[in-house]
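Observations on chain architecture
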Amino acid sequence: MDNISDRLFILLYNTLWACFDQILWLWGMLFMVGFALHVISELRGKALAQSVGPKADLFFTGWIGTPVHEMGHAVFCFVFGHKITEIKFFSPSDDGTLGYVKHEYNPKNSYQKIGNFFIGIAPMLFGSAVIYALLGILLPQCLPQKLNASIAETGFELFKNLFSKDNLGNWRFWAFIYLSLGIASHIKLSVPDFKGAVSGFSTLLCLIFLVNFIANAILDFGLKDLPVSGWLTAKMDIFLSIFYSIMLYALSLSLAYLLLSYLLLGAAKLIRK
């Protein structure tokens, strides 16, 4: 009896630790980057409004990034079976809204409830995929070659390949920089996006716990030795290294755009004096 209790305790401990580790390194980092992009976007918008005009950010990058942002929501609505009732890919209004996707779902459907989380963070997921696709189309030679590398190694390779001396005279490089800047500037999560993601996170937590519990429960039966287990782990590592490398690139572009907005603000103040 004691042996069963000990094994059950170890099973629960391993399950909870796996859940904590996954939430911290996967979703925790995602929300940190999303929050950083949100803060940078708010600061940039205020600086540009005071220096160039209230619609400066809209004309500089909004017309590129907003449709991609809303398309991300729409794609994940489709994936998780939500009904889209109204969609505006680019429709600036006086309250600051540039676009929106209104959708409905069945609150009794766990799959659709989990969908709220992914629909909320969809602009980051979809936006990073579009940036990666643009890189492959315009500058395929800059794509990371070491797909099994860590996030740091993949990110370093991406930046090294992209910001090379040879690319500075290539129009494709500047086209990619502008298009990716437009997307990166608007993949930030709005307050409604955060609220939508949180509403589906509790159901997602239950699923994560259940999957980890089952996986840990059958580890003794040789799951670690199954070829498919190693294959899935390797593919997930590749996905995360590429995704977070793109997100770090997007964050870097957003910071550079923020710096430019403050330089313009400083210049505007000097001119007014």
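Residues numbered from 1 in each chain as written. Predicted model: local features only at pLDDT ≥ 70, side-chain atom pairs only at ≥ 80, totals over all residues. Heavy atoms only, no water.

Concerning the overall build of the protein
Of regular secondary structure, the protein possesses 8 helices and 2 strands. Burial status across the protein gives 40% buried among its 273 residues. Within the protein, residue pairs in contact and separated by at least 24 positions form 77% of the contacts whose partners lie at least 6 positions apart. With an accessible surface of roughly 15700 Å², the protein has 70% of that area assigned to carbon and sulfur atoms. (Helix = DSSP H or I, 4+ residues; strand = E, 2+ residues; numbered from the N terminus. Buried < 20%, exposed > 50% of the residue type's maximum accessible area, 1.4 Å probe, protein only. Contact = heavy atoms within 4.5 Å. Areas by Shrake-Rupley, 256 points an atom, 1.4 Å probe, with all protein chains shown as cover.)

With respect to the packing of aromatic side chains
All told, the structure shown has 10 aromatic pairs when counted by the stated rule. With centroids separated by 5.4 Å and ring planes inclined at 10°, the aromatic side chains of F80 and F118 adopt a geometry described as stacked. In this pair, F80 sits in the loop between α2 (56-79) and β1 (83-88) while F118 sits in helix α3 (residues 110-120), placing the two residues 38 residues apart along the sequence. Ring centres 5.8 Å apart and planes at 20° place the aromatic pair F176 and Y249 in the stacked group. (Phe/Tyr/Trp six-rings, centres within 6.5 Å; stacked < 30°, edge-to-face > 60°.)

Focus on the pattern of salt bridges
For the structure shown, the criterion picks out 3 salt bridges. The partner of E42 in a salt bridge is K188, and the shortest N-O contact between them spans 3.9 Å. Within this pair, whereas E42 is found in helix α1 (residues 2-51), its partner K188 is found in the loop between α6 (171-184) and α7 (191-217), the two being separated by 146 residues in sequence. In this structure K188 comes out as buried when scored by relative accessible area, which is 16%. (Salt bridge = Lys/Arg side-chain N within 4 Å of Asp/Glu carboxyl O.)

Quick look at helix α4 (residues 122-138)
Taking 1.5 Å of rise per residue, 17 residues should cover 24 Å, and α4 covers 24 Å from first to last C-alpha, within 8% of that figure. Residues of α4 that are buried: A122, P123, M124, L125, G127, S128, I131, L134, L135 and L138. (Expected span 1.5 Å × (residues − 1).)

Here's the deal with the nonpolar core
Grouped together as the largest cluster of nonpolar side chains are 55 residues, with contacts concentrated most on W27, F118, I121 and F176. Per-element tally for this core: the top contributor is helix α8 (residues 227-272), with 12 residues. Setting aside residues no more than four positions away along its own chain, F176 makes contact with I131, L134, L135, L138, L139, L162, L181 and Y249. (Core = buried A, V, L, I, M, F, W, Y, C linked by side-chain atoms within 4.5 Å.)

Overview of the confidence of the model for the protein
Put simply, the protein has an average pLDDT of 81, and 84% of its residues get 70 or more. No element of the protein has a lower mean pLDDT than α7, at 72, and none a higher one than α6, at 94. Note that pLDDT drops below 50 for residues 225-231; the model gives that stretch 1 contact with residues more than four away or on any other chain. (pLDDT = per-residue confidence, 0-100.)

Topic: the side chain of D57
Structurally, D57 is set in helix α2. Take D57: its relative accessible area is 13%, and that puts it in the buried class. Of note is the side chain of D57, whose polar atom sits 3.1 Å from the side chain of Y257. If near-sequence neighbours (up to four positions away) are discounted, D57 is found in contact with R44, L48, G62, H186 and Y257. (Polar contact = N/O pair within 3.5 Å; in protein donor to acceptor, adjacent residues only side chain to side chain.)

Regarding the packing of α4 against α6
Two elements in contact, α4 and α6, have axes whose closest approach is 10 Å; the angle formed by their N-to-C orientations is 175°. Of the possible angle classes, the one that applies to α4 and α6 is roughly antiparallel. Touching G127, V130, I131, L134, L135, I137 and L138 of α4 are R172, A175, F176, L179, S180, I183 and A184, all from α6. A per-class count over the contact of α4 with α6 returns 11 nonpolar, 2 polar and 1 charged. (Axes fitted to C-alpha atoms, helices over the stretch in contact; angles between N-to-C directions. Parallel < 35°, antiparallel > 145°, perpendicular 65-115°, else oblique. Nonpolar A, V, L, I, M, F, W, Y, C, P; charged D, E, K, R; others polar.)

Description of the environment of A197
Among the structural elements, A197 can be located in helix α7. On the accessibility criterion, A197 (0% relative accessible area) is buried. Distance in space between the C-alpha atoms of A197 and K113 is 9.7 Å, their sequence separation being 84 residues. When sequence neighbours within four positions are dropped, the list of residues in contact with A197 reads F31, N116, F117, G120 and I121.

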